[in-house]
Amino acid sequence: MSSSNCYVILQSVPLRSGVLRHEIFYWLGRHATQDDITATAIKAIELDAALGGRAVISREAENYETDRFLSYFKPCFMPLNDMHSYNDQGNGRYQVRLFKCNGRHVAHVKEVSFTRASLSHEDIFILDTEFKIFQFNGANTDIYQRAKAMDVVKYVKDNFHKKDCSVAVIEDGKFVADADSGEFWGFFGGYAPLGRRSDGEGHSENNYNKASLLCVFEGQTKKIEGSVLTRDLLSSNKCYILDCGTEYFAWVGRDSSLEERRTMITILEGLIALHDNSVGIRLTCAIEGFEPREFKLKFQSWPANTAVPISENGRGKVAVLLKHKGFNVKGMLKAAPIKQDISSLNRSGKIQVWHVNNSDKFTEPASNHGKFFSSSCYIVLHTFPGDRKDDYIIYSWIGHGSLSDTRTLTASSVAELASSLKGAVEVLVFESKEPSHFTALFPKMLVIKDENIGVGERLFQVQQTGPRTWQAVEVEKDAKSLNSSGCAFLLLETRLILWFGKFSTVEEQEAAENLAYFLQPDAESTMSLKEGAESELFWEILGGRKVHPSHREPKENAKDPQLFSCRIMKGQLQLIELFNFTQNDLLSDEVLVLDVHTDVYVWIGQSVSSKLKLMSFEIGQKFAEQAARYDGRSLENPLYKIEEGHEPVFFKSFFQWDDSKAMKHLDVFQKKVAAVKGQQADTARRPMRRHSISGFESPTEILSTIDRGRASRNTVAKPQSSPEKSRAPKPKYGNGRSPGSKSSAVSALSSMFEFQGSRDANTTPKLSSVRTRHESVSATPSPSLGSSPRTPRPVASPRSPAIAALASMFEPYSDKKLDFAWPGSRPKSEEKVSRDFDVHIPRTTKEAKLVETLELKNGEESSPKQPIEALKDVKNGDVKYYPYERLKVSSSNPISGIDSSKREAYLSNQDFQDTFRMDRETFYKLPKWKQDKYKILMDLF
């Protein structure tokens, strides 16, 4: 593009529904005339009318482009200043250019004057010379801005340099007398300190209270009086202008004429031309029914979207015209809808359910998994194997009839559980708004109003929630609640009546029968009725015959995702939308909200402050409130909290996800610098051993793995230290080793080389200077050189302490996920290890099992163990002991009548020691959260 011209750009994007979304930009070069600007704006309005009036039109001025516009030009947008090529001055000489670059998600590139005064600490500058490209990083910029600027450097190098050129990075405030720095500052006449920001660019904040609404009528504008802007002020047969000071919005009524729209855009360009900084004024034009979010936020509220008649005429004509001009119009009218991939949902693993009611919380047995009461809340923990470790999803199911105390206890319990499970995904789920990955965990699911199942008459409506999952929801006992496209069943205390709609399938009828018996397995009698063959007793129970629907309401599906960067400014939530986003826009120092209309995901980067992490759910709830206010959505849509590095598969499905990009173990900027310079970035990562809790046969194997991992870290030989030094704790490095380990290794090596040198210098050393480890201090003195020779005793090689000291520095890797500090564990002296040059060789799982079996047999010979069966009737005080296998949550023969929150109290002292590897006194001295963590591992919580 040339700075002397204007352009109209059409961007058509297929939505998930298959409909195309059109965006029209008219771009204005800074040297374009006012007549060209007005004519281009009118052409954009005419193109929108030809497409059926559904596009959002944006005015884009050179050097002031919006993020929406720049997101379609990757990696950057760089117009030419004149009619010549990028680096052609017409005299054969290369023109040196200086560009200012900023932005974290999109690159804003602007050519500035080639002087030192253009440089500043707040921006990044690219100096393009014939043989080298310099990137100057301002001191106040971050790595993401620098990485985005490096994309621009690569773009310039690949597209505008015919010869090979090198790349140099200059850091502001870190002046080093190297060749690159000297060469860079030489272009500016030598080094000198920089001042503050070179220009005063900025955009004032807008507030809908300060905006004024103008109505365009017969070529004139009339101000609409009113203290508050509401949707009712807009009429479908007129056009309006919303003046926000530094920004304009145009609203086009669906019934307005094309001539009125032309007049409106002409008036707008005239108003913009009156401003001193007219190029910095933004303009967005939207037609009724397709208003962008930023326009709606200028109003106090915005009602839910209503059905707007949309004309399909004209789009075919435009397609024919563009095809005649040589454009590819395949898929221009409509694209294929995108279907959700349900097969990617992980149904494997382990499920634990806790029932919360008022101030009580207890574990639900496996036989009751899938039964939910509207008067209560539930906590569902789904543990399943991930790529390198076990992954966790914690669901909070909120019943419509649950009290505030119950919801508060649920929230605090989930927070406590999530703190003990690193990286767990938290999901807030409301009744009747369950996501598909939640219902997939329960093939049979019941939602019951209250817990008095055997009392009164109840009506349940059956509906399918997935390919092989079904749900029965208690509804009002009325004939209007029936539906001819489904099934239902009546529960009459101990009797069941199944009702099959005339459009129901055999599969639905079988599911209704299974759900009915799941609710009341001891039903005395069952009756099946087809629609049209009901008895009068059936209608009498439902309050008489009434007209009921014959078709189900379609379930609301996820819409095209929108990504927002979140900030809290003066207690207010500020959202910045990221357009045309990719996985690379998930920056580690940001909190992002992914909105898919039916679900809201809050993504938290690893570098986010602790305060902002605690506010993640609050941010999501504020966003949901804003969406309900301006889009008419439900406040009960599922809300997710996801930490970086622990993204679930249903979150990844909204991106073209690459797991290698998610492992940000290398500085993103340095990685791009190495790529541009043609160097190999060191992306190697130490291999991880996978410890899957769900992969073990029993919790005993988990404990043995923990003990072996702890023993392998504790039994590695460390250099001896004096008692004085051992009293003072040494600072730890990030790898867990103290700095003294390295110095001891160096000292040992030095002593070895010194000894070698002295041996070469004196062929007959004094034996008195060398003492073996077998000799004592009080040994007989060695003879002098003049004495008769005697055979020396074996001398310890100085290589041994050197190798031992070096070996102590290389501790074997252990997975920190299962690094629990189990109290009462065996001392390291009891652990049998194999060594070679003091390097620990861990046992395999099979070897560890064999050792544990032998140790168990040896222990039985010295102290016979009491059989488990004998503990069933043993009492200690008022506590009755039971076997561990019957106390587990997942037991097939559970114990009834016990306190499910203190299952460990019913273990005998010997079983308690064998299960937790500690005695009761040690266990109950632990913090509450750590006790719960151990009980979860042992399936006792």
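The sections below set out a description of the structure shown in this document. (Residues numbered from 1 in each chain as written. Predicted model: local features only at pLDDT ≥ 70, side-chain atom pairs only at ≥ 80, totals over all residues. Heavy atoms only, no water.)

**Observations regarding the packing of helix H8 (residues 404-420) against helix H25 (residues 928-937)**
In a pair of packed helices, the angle between the axes and the distance between the axes together describe the arrangement.
Then, number 1: Two elements in contact, H8 and H25, have axes separated by 10 Å at closest approach and are oriented at 70°. By the angle class used here, H8 and H25 are roughly perpendicular. Touching Glu-416, Leu-417 and Ser-420 of H8 are Lys-928, Trp-929, Asp-932, Lys-933 and Ile-936, all from H25.
Then, number 2: Here the residues of the contact of H8 with H25 are counted per class, giving 3 nonpolar, 1 polar and 4 charged. (Axes fitted to C-alpha atoms, helices over the stretch in contact; angles between N-to-C directions. Helix = DSSP H or I, 4+ residues; strand = E, 2+ residues; numbered from the N terminus. Parallel < 35°, antiparallel > 145°, perpendicular 65-115°, else oblique. Contact = heavy atoms within 4.5 Å. Nonpolar A, V, L, I, M, F, W, Y, C, P; charged D, E, K, R; others polar.)

**Examining the sheet that holds strand E4 (residues 97-102)**
Then, number 1: Strand order in the open sheet made by the 5 strands is E5-E4-E6-E7-E8, with mixed pairing throughout. Both outer strands of the open sheet, strand E5 (108-112) and strand E8 (166-171), are each paired with one neighbouring strand and no more. With strand direction ignored, the average angle separating the axes of adjacent strands in the sheet is 25°.
Then, number 2: Bridge count between strand E6 (residues 124-128) and strand E7 (residues 132-137): 5 bridges; the pairing is antiparallel. Each bridged residue has a counterpart across the sheet, and for Phe-125 the counterpart in E7 is Phe-136.
Then, number 3: Against the sheet, helix H3 (residues 143-160) makes contact with E4, E5, E6, E7 and E8, and its axis sits at roughly 165° relative to E7, the strand it touches most.
Then, number 4: Strands in contact with helix H16 (residues 668-676) are E7 and E8; relative to E8, the strand with the most contacts, it is inclined by about 150°. (Pairing = 2+ DSSP bridges.)

**A few points about the sheet that holds strand E22 (residues 470-475)**
Then, number 1: Spatially, 7 strands are ordered E16-E20-E22-E21-E23-E24-E25 in an open sheet, and the strand pairing comes out mixed. Each edge of the sheet is formed by a strand with only one pairing partner; in this case those strands are strand E16 (371-373) and strand E25 (525-530). Sheet twist, expressed as the average angle between the axes of neighbouring strands with direction ignored, equals 20°.
Then, number 2: Bridging between strand E21 (residues 457-464) and strand E23 (residues 487-492) involves 6 bridges; their strand directions are antiparallel. Bridge pairing in E23 places Val-462 opposite Cys-487.

**Some points on empty space enclosed by the protein**
Gaps between atoms show up when a probe of the same size as a water molecule is rolled over them.
Then, number 1: Going through the model one piece at a time under the given rule, you end up with 8 cavities of 30 Å³ or more.
Then, number 2: If you add up the space inside the largest cavity, you get close to 120 Å³.
Then, number 3: Lining the largest cavity, in full, are Trp-354, Lys-361, Ile-379, Ser-413, Glu-416, Leu-417, Ser-420, Trp-929, Asp-932, Lys-933, Ile-936 and Phe-941.
Then, number 4: Those elements that place two or more of their residues in the lining of the largest cavity are H8 and H25.
Then, number 5: Of the residues that constitute the lining of the largest cavity, the class distribution is 6 nonpolar, 2 polar and 4 charged. (1 Å grid on protein atoms, 1.4 Å probe; cavity = no way out; pocket = protein on both sides within 12 Å on 5 of 7 lines; lining within 4 Å. Points joined across faces, edges and corners; volume = space filled by probe spheres on them.)

**Focus on the side chain of Arg-458**
Then, number 1: Here Arg-458 shows up in strand E21.
Then, number 2: For Arg-458, a relative accessible area of 4% translates into the label buried.
Then, number 3: A polar atom in the side chain of Arg-458 sits 2.5 Å from the side chain of Asp-450. (Buried < 20%, exposed > 50% of the residue type's maximum accessible area, 1.4 Å probe, protein only. Polar contact = N/O pair within 3.5 Å; in protein donor to acceptor, adjacent residues only side chain to side chain.)

**Some remarks on helix H1 (residues 34-50)**
Then, number 1: Helix length check: H1 (17 residues) gives 25 Å between terminal C-alpha atoms against 24 Å at 1.5 Å per residue, within 8%.
Then, number 2: Turning to H1, its buried residues number three or more, namely Ile-37, Thr-38, Thr-40, Ala-41, Ala-44, Ile-45 and Asp-48. What you see down the axis of H1 is that its buried residues fit within an arc of 160°, all on one side. Exposed residues pointing more than 90 degrees away from the buried face of H1 are listed as Asp-35 and Lys-43.
Then, number 3: Those residues of H1 hidden inside the fold are in contact with strand E1 (6-14), strand E2 (20-28), strand E3 (56-61), helix H5 (258-273) and strand E13 (282-287).
Then, number 4: Looking at the residues trailing H1, positive phi occurs at Gly-52, about 100°. (Expected span 1.5 Å × (residues − 1). Arc of directions from axis to C-beta.)

Shape descriptors only; they carry no functional weight alone.
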